[in-house]
Amino acid sequence: GENVEQHPSTLSVQEGDSAVIKCTYSDSASNYFPWYKQELGKRPQLIIDIRSNVGEKKDQRIAVTLNKTAKHFSLHITETQPEDSAVYFCAANADSGGSNYKLTFGKGTLLTVNP
Amino acid sequence: NAGVMQNPRHLVRRRGQEARLRCSPMKGHSHVYWYRQLPEEGLKFMVYLQKENIIDESGMPKERFSAEFPKEGPSILRIQQVVRGDSAAYFCASSPPGLAGAEQYFGPGTRLTVT
């Protein structure tokens, strides 16, 4: 089955700096890669996703890049703010009963943005 | 459009009791997923359901755990004879039919504590 590795497990940056979180996946059939942000005690929130037919997607201060050949994808946050502090999870879809809707998650990155 | 609803938000059970967790998907969503999250860990897939069908239960323990998504009403995750190791946050997610099926939106979770 699909295996997703995520690095780093913790990341501390100064406000205004950029943050980059990287993930690798194992199943070459995966074609959907979402990123979730989870604040303490809250639900995971979908913040951006990318499908395999594009290499990069951007939404204001966040962007995701995908390298299908190398099987890795990354989350980039620019001009970080204290409210960006949270745990970020990457995920990749995997075969599930004939569909490809099941998500396999990385173990998460705790991002701390210091004011 | 109301988001994914889960209840109860917190559930305390003694060892040996049964736990029932409920999930109402977003309006128009036909796929439901259950995930378990242990403290400081990622989200582990348990089961994927459509109305009246279990599509993939490969992540759910064979003993004591069951899930359903009836034609009418919420999806239910049932844990019989709970043990301390079942203490975790259980999240439900839903996704729409079609090509966007992998876009999963999470509920607020049920935090189960087994005493």
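See the structure above.
Fair warning: this is a prediction, and the values are worked out from it, not measured in the lab.

**Focus: the interface of chain B and chain A**
Taken together, the contacts link 26 residues of chain B with 22 residues of chain A. Taking both partners together, chain B and chain A bury about 1800 Å²; carbon and sulfur atoms supply 53% of that area. For the chain B face of the interface with chain A, the top three residues by lost area are Leu43, Ala102 and Phe106 of chain B, together amounting to 27%. Applying the counting rule to chain B against chain A returns two salt bridges. The closest approach of N and O atoms between Glu103 of chain B and Arg51 of chain A, which form a salt bridge, is 3.2 Å. Summed over the shared surface of chain B and chain A, the number is seven residue pairs in polar contact (both at pLDDT 80 or more).

**Considerations on the sheet that holds strand E1 (residues 5-7) of chain B**
Residue and element names in this part refer to chain B. In spatial order, the strands read E1-E3-E8-E7; together these four strands make up an open sheet with antiparallel pairing. Each edge of the sheet is formed by a strand with only one pairing partner; in this case those strands are E1 and strand E7 (65-68). Strand-to-strand twist across the sheet, computed as the mean angle between neighbouring axes with direction ignored, equals 15°. With four bridges connecting them, E7 and strand E8 (residues 75-79) associate as antiparallel partners. Across the sheet, the residue bridging to Ala67 is Leu77, located in E8.

**Looking at the pairing of E8 of chain B**
All names here are of chain B. Most of E8 is tucked away: four of the five residues are buried. As paired strands, strand E3 (residues 19-24) and E8 are joined by five bridges and run antiparallel to one another. Bridge assignment links Cys23 to a residue of E8, and that residue is Ser75.

**Points about unusual backbone geometry**
The residue after His7 of chain A, namely Pro8 of chain A, is reached through a cis peptide bond having omega -5°. Considering the arrangement of structural elements, one finds Pro8 of chain A in the loop between strand E1 (4-7) and strand E2 (10-14). At the junction of Asn7 of chain B and Pro8 of chain B, the peptide bond is cis and its omega measures out at -5° in the coordinates. In this fold, Pro8 of chain B is placed in the loop between E1 and strand E2 (10-13). A positive phi angle, near 45°, is found at Glu79 of chain A, a position not held by glycine. Here Glu79 of chain A lies in the loop between strand E8 (72-77) and strand E9 (86-96). Positive phi is not limited to glycine here, since Arg64 of chain B has a value of about 75°. For Arg64 of chain B, the position within the fold is in the loop between strand E6 (53-56) and E7. Given a relative accessible area of 24%, Arg64 of chain B falls into the partly exposed group.

**Quick word on the layout of surface pockets**
By volume, the largest pocket is sized at about 950 Å³. In this structure, the largest pocket is lined by 42 residues; those nearest its centre are Phe89 of chain A together with Gln37, Glu41, Gly42 and Leu43 of chain B. At the level of elements, E1, E9, strand E10 (99-105) and strand E11 (109-114) of chain A together with strand E5 (43-50) and strand E9 (88-95) of chain B are the ones that each hand at least two residues to the lining of the largest pocket. Tallying contributions element by element places E9 of chain A first for the lining of the largest pocket, with five residues. Along the lines of polarity and charge, the residues of the lining of the largest pocket split into 16 nonpolar, 14 polar and twelve charged. Taken as a whole, the second largest pocket spans an internal volume of roughly 160 Å³. Tallied by class, residues from the lining of the second largest pocket come to four nonpolar, one polar and four charged.

About the thresholds
- Residues numbered from 1 in each chain as written.
- Chains lettered and ligands numbered in written order.
- Predicted model: local features only at pLDDT ≥ 70, side-chain atom pairs only at ≥ 80, totals over all residues.
- Heavy atoms only, no water.
- Contact = heavy atoms within 4.5 Å.
- Buried area = accessible area lost by both parts, 1.4 Å probe.
- Salt bridge = Lys/Arg side-chain N within 4 Å of Asp/Glu carboxyl O.
- Polar contact = N/O pair within 3.5 Å; in protein donor to acceptor, adjacent residues only side chain to side chain.
- Pairing = 2+ DSSP bridges.
- Helix = DSSP H or I, 4+ residues; strand = E, 2+ residues; numbered from the N terminus.
- Axes fitted to C-alpha atoms, helices over the stretch in contact; angles between N-to-C directions.
- Buried < 20%, exposed > 50% of the residue type's maximum accessible area, 1.4 Å probe, protein only.
- 1 Å grid on protein atoms, 1.4 Å probe; cavity = no way out; pocket = protein on both sides within 12 Å on 5 of 7 lines; lining within 4 Å.
- Points joined across faces, edges and corners; volume = space filled by probe spheres on them.
- Nonpolar A, V, L, I, M, F, W, Y, C, P; charged D, E, K, R; others polar.

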